[in-house]
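Working through the structure, step by step
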Amino acid sequence: MSTQDLSALLWQERELLELLVFKLEEEQLLLTSGKTRWLHHATREVEQVLERLRETGLARAVHASGVAGAWGIDDGATLRELAAAAPDGPWQELLSSHLQAMTALVAQIAALRDTNQQFLRAASRSTQETLAGIGTGAGTYAADGAALQGHGQPTLLNKDL
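The shown structure was predicted, so the numbers you read here are calculated from the model rather than taken from an experiment.

**Details of the overall build of the chain**
Scanning the chain from N- to C-terminus turns up four helices and two strands. In sequence order, the chain lays out its α and β elements as α-α-α-α-β-β. Restricting the contact set of the chain to residue pairs at least 6 apart, pairs at least 24 apart contribute 58%. Of the roughly 10,700 Å² of accessible surface on the chain, a fraction of 54% belongs to carbon and sulfur atoms.

See below:
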C-alpha cells in the first residue's frame, strides 16, 4: 500500500466526482426542460456513480490507513492530515492538490443536489395542483358517453345515441 497507490485511487475518486457533477447537471437539464420522462434514467446513473464512489472511497480509506501507518501517524488520518504529515518531497503538494480539488467538487455536488431537489419539489407541487384541478373541471364523461355533472350524476349528451 504505497503512496503511489493512494494517489492513483485519489485520481479515480476525483474522476468519479467529476462524473457525478456531470450526471447531476444532466439531471438538472432534464428537470429544467420539463423532459421528466428520462429522469429515472438520469437518477439511476447518479446512483451508479455514487455506488462506484463508495467502493473507491473504501479502497482509499484502506490505502490511506497503510500510508498513515508507514508515516507514523494515526491510521485513521484524514487526507488533510496525510498531506500535512507527508515527508519532504512531492507528496505533500500532490496530496494537498487532491484535497483541494475534491473539496471543490464536493461543494459543487452539494449545490447541484440542493438545486435539483428544489426543482423536484416544485415539479411535485405543480403535478399535485394539476391533479387536484382535474376533478373540478367540466367535461368529465361516464363510460356510456353521458356527461357527469355535479356529484357524478350522468346527463345524456346526445339522445340519438
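**Points about the nonpolar core**
Counting residues in hydrophobic clusters, the biggest one holds 23 residues, and the most contacted among them are Leu6, Leu20, Leu82 and Leu95. Put simply, the parts of the chain that give this core at least two residues each are α1 (3-33), α2 (39-70), α3 (79-85) and α4 (90-134). The element that contributes the greatest number of residues to this core is α1, accounting for seven residues. Not counting residues within four places of it along the chain, the set of residues in contact with Leu82 comprises Leu6, Ala64, Val67, Ala68, Trp71, Ile73, Ala77 and Leu95.

**What to know about the layout of surface pockets**
Considering only enclosed or pocket space, the largest pocket measures out at about 180 Å³ in volume. In this structure, the largest pocket is lined by Leu20, Leu24, Glu27, Thr43, Val46, Glu47, Leu50, Ile109, Arg113, Asn116, Gln117 and Leu120. Listed by contribution, the elements that provide at least two residues to the lining of the largest pocket are α1, α2 and α4. The element that contributes the greatest number of residues to the lining of the largest pocket is α4, accounting for five residues.

What counts and what doesn't
- Residues numbered from 1 in each chain as written.
- Predicted model: local features only at pLDDT ≥ 70, side-chain atom pairs only at ≥ 80, totals over all residues.
- Heavy atoms only, no water.
- Helix = DSSP H or I, 4+ residues; strand = E, 2+ residues; numbered from the N terminus.
- Contact = heavy atoms within 4.5 Å.
- Areas by Shrake-Rupley, 256 points an atom, 1.4 Å probe, with all protein chains shown as cover.
- Core = buried A, V, L, I, M, F, W, Y, C linked by side-chain atoms within 4.5 Å.
- Buried < 20%, exposed > 50% of the residue type's maximum accessible area, 1.4 Å probe, protein only.
- 1 Å grid on protein atoms, 1.4 Å probe; cavity = no way out; pocket = protein on both sides within 12 Å on 5 of 7 lines; lining within 4 Å.
- Points joined across faces, edges and corners; volume = space filled by probe spheres on them.

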